[in-house]
Amino acid sequence: MTGLFRTNGSDENRGKQSCRTLTELYTKHFKTLTSFCTQLTMTTQRETHRVPITSLEMNVAYGCNLQCEYCTHLGRFMKGIVSLDDLLLWYRSWNRKIRPQTIRIMGGEPLLHPHLESVLYETRSHWQDSRIEVMSNGLLLPKIKTSVFTAVKETESHMTLSRHYDDPYYNPILEAGIDVLRQHDIEPRIAKSHQSWMKCYRIDERGHARPYQSDPTKAWKICYVKHICTTLIDNCLYRCPQLGCSAYAVKNGFVHFDDWKVVLGYQPLMPDCTQEELEAFMKEGVCEQCSICPEEFQHANQYEKINPFGLPVIRNLFCGAPNHE
Ligand code: SF4
Ligand code: SF4
């Protein structure tokens, strides 16, 4: 600002020059100012029409490097990633409609997405005020390219690592992942999933996932994700990952159709929904498909939780431990 008023000569001249400078400045920046105000008004209007939601979950990679039993996202049964083209289409469909407090970039294992850095930049550019959280099991962090860590920091995202087990094979690998994050000045939050895991489907003797056949009202009563884990899959909003992921798994043949076809009766919210439909969706209560969930809270016990590495060969592949089996 000092340059604006730097003049020579009398007070009168100085005054005239200041006025001229201000007029020029005003004229020069008028269009920019007007455009800024219009943008601000549009943004404010848009914000007031965006429906606030607690969190939006994005399964950017459906599969996982681990095989945890009772994974609510059916990660051990799934394959595939969300392409960047699809991701952009979905984001453009929804970013004017919803205002998530938190967006969780997850899976499966999100670090399996080959363009995770682009996922993060796109997420931030579509939802500038949301908290972005990458939910990972953390075991692949030592193999991840630097650009991902840069993107985490540049998009002001957060890393949450879920601890899935506690044993001499597993712990050093998780610690190595935490070290890698710290080397990049990222302090992760550690979620103790291994202490609070709840069964959300059954596993039969052949290792297939089978839904419960519960009283939906009882299942809804103990549901711990109601209204807080809205899930975006195939450009549709699902009320929870259980319904979204199981519908995706049935459609893609990852689980038995006859066992899970009940979930196809659930109507997710389509991108052409009205604001009223969206608001009603966020308040929905129990639905028939809640029958897939248990009616009683049951922790997975140590045996049922099994080592998330699953088969011994997979365990060795990731931890490089000698085969003690
Ligand atoms: S780490 Fe386990 S719980 Fe997490 S997505 Fe993979 S299989 Fe599921
Ligand atoms: S299906 Fe119903 S009970 Fe099960 S997680 Fe979703 S909302 Fe909760």
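Our structure's up above, just so we're on the same page.
Sequence order as written defines residue numbering, which begins from 1 separately in each chain. Just so you know, chain letters begin at A and ligand numbers begin at 1, following the order they were written in. In view of the model being predicted, local features appear only for residues whose pLDDT reaches at least 70, and side-chain atom pairs are presented and counted only at 80 or more, with totals across whole chains, interfaces and linings using the full set of residues.

Engineer: Give a detailed account of the site of ligand 1, specifying residues and quantitative values.
Structural biologist: For each residue, a C-beta atom is positioned from the backbone; the residue is called near a molecule or strand if that atom sits within 6 Å of it. Among the 15 residues in the neighbourhood of ligand 1, the closest are listed as Cys 64, Cys 68, Cys 71, Gly 75 and Asn 137. Considering only residue class, the shell around ligand 1 consists of 5 nonpolar, 8 polar and 2 charged. Under the convention adopted here, Pro, Cys and the residues Ala, Val, Leu, Ile, Met, Phe, Trp and Tyr are nonpolar, Asp, Glu, Lys and Arg are charged, and Gly plus all remaining residues are polar.

Engineer: Go over the pairing of strand 1 (residues 51-61) with me, naming the residues and quoting the values.
Structural biologist: DSSP bridges decide pairing: two strands pair if at least two such bridges lie between them. Secondary structure elements follow DSSP: runs of H or I of four or more residues count as helices, runs of E of two or more count as strands, with numbering from the N terminus. For strand 1 and strand 2 (residues 98-107), the ladder comprises 9 bridges, and the chain directions are parallel. In the sheet register, Pro 52 faces strand 2, and the bridge partner there is Arg 99. Viewed with both strands pointing away, a crossover whose connecting path from the first strand over the helix to the second turns clockwise is right-handed. Crossover connection from strand 1 via helix 2 (residues 84-94) to parallel strand 2: handedness right-handed. Pairing analysis gives 3 bridges linking strand 1 to strand 8 (residues 230-233), with the strands arranged parallel. From the neighbouring strand, Leu 56 faces strand 8, where its bridge partner is Thr 230.

Engineer: How would you summarise the pairing of strand 2 if you had to cite specific residues and measurements?
Structural biologist: Labels follow a simple rule on C-beta atoms placed from the backbone: if 20 or more others lie within 10 Å of a residue's own, it is buried; if 12 or fewer, it is exposed; otherwise it is partly exposed. With 7 of its 10 residues buried, strand 2 lies for the most part within the structure. Pairing of strand 2 with strand 3 (residues 131-136), which is carried by 4 bridges, proceeds in the parallel orientation. Counterpart to Ile 105 in the pairing with strand 3 is Val 134.

Engineer: Before we move on, can you summarise the environment of Val 119 with the specific residues and values?
Structural biologist: Structurally, Val 119 is set in helix 3 (residues 116-126). Remark: the alpha-carbon pair of Val 119 and Ser 83, spanning 36 residues in sequence, is separated by 9.4 Å. Residue pairs qualify as contacts under a 7 Å threshold applied to their C-beta atoms, which are placed from the backbone. Sequence-distant contacts of Val 119, defined by excluding residues within four places in its chain, comprise Val 60, Leu 87, Ile 105 and His 113.

Engineer: Give a detailed account of the site of ligand 2, specifying residues and quantitative values.
Structural biologist: Taken together, the neighbourhood of ligand 2 is formed by 13 residues, with Cys 223, Cys 240, Gln 242, Cys 290 and Cys 293 sitting nearest. Those elements giving two or more residues to the shell around ligand 2 turn out to be helix 7 (216-222) and helix 8 (241-251). Here the shell around ligand 2 is composed, by residue class, of 9 nonpolar, 2 polar and 2 charged.

Engineer: Explain helix 2 to me, and be specific about the residues and the numbers.
Structural biologist: When helix 2 is considered as a whole, its buried residues turn out to be Leu 87, Trp 90 and Trp 94. Along helix 2, the residues classed as buried sweep out an arc of 70° about the axis, all on the same side. Our arc is simply the arc of the directions from the helix axis toward the C-beta atoms.

From the geometry alone we can't say anything about function, so treat these as descriptive.
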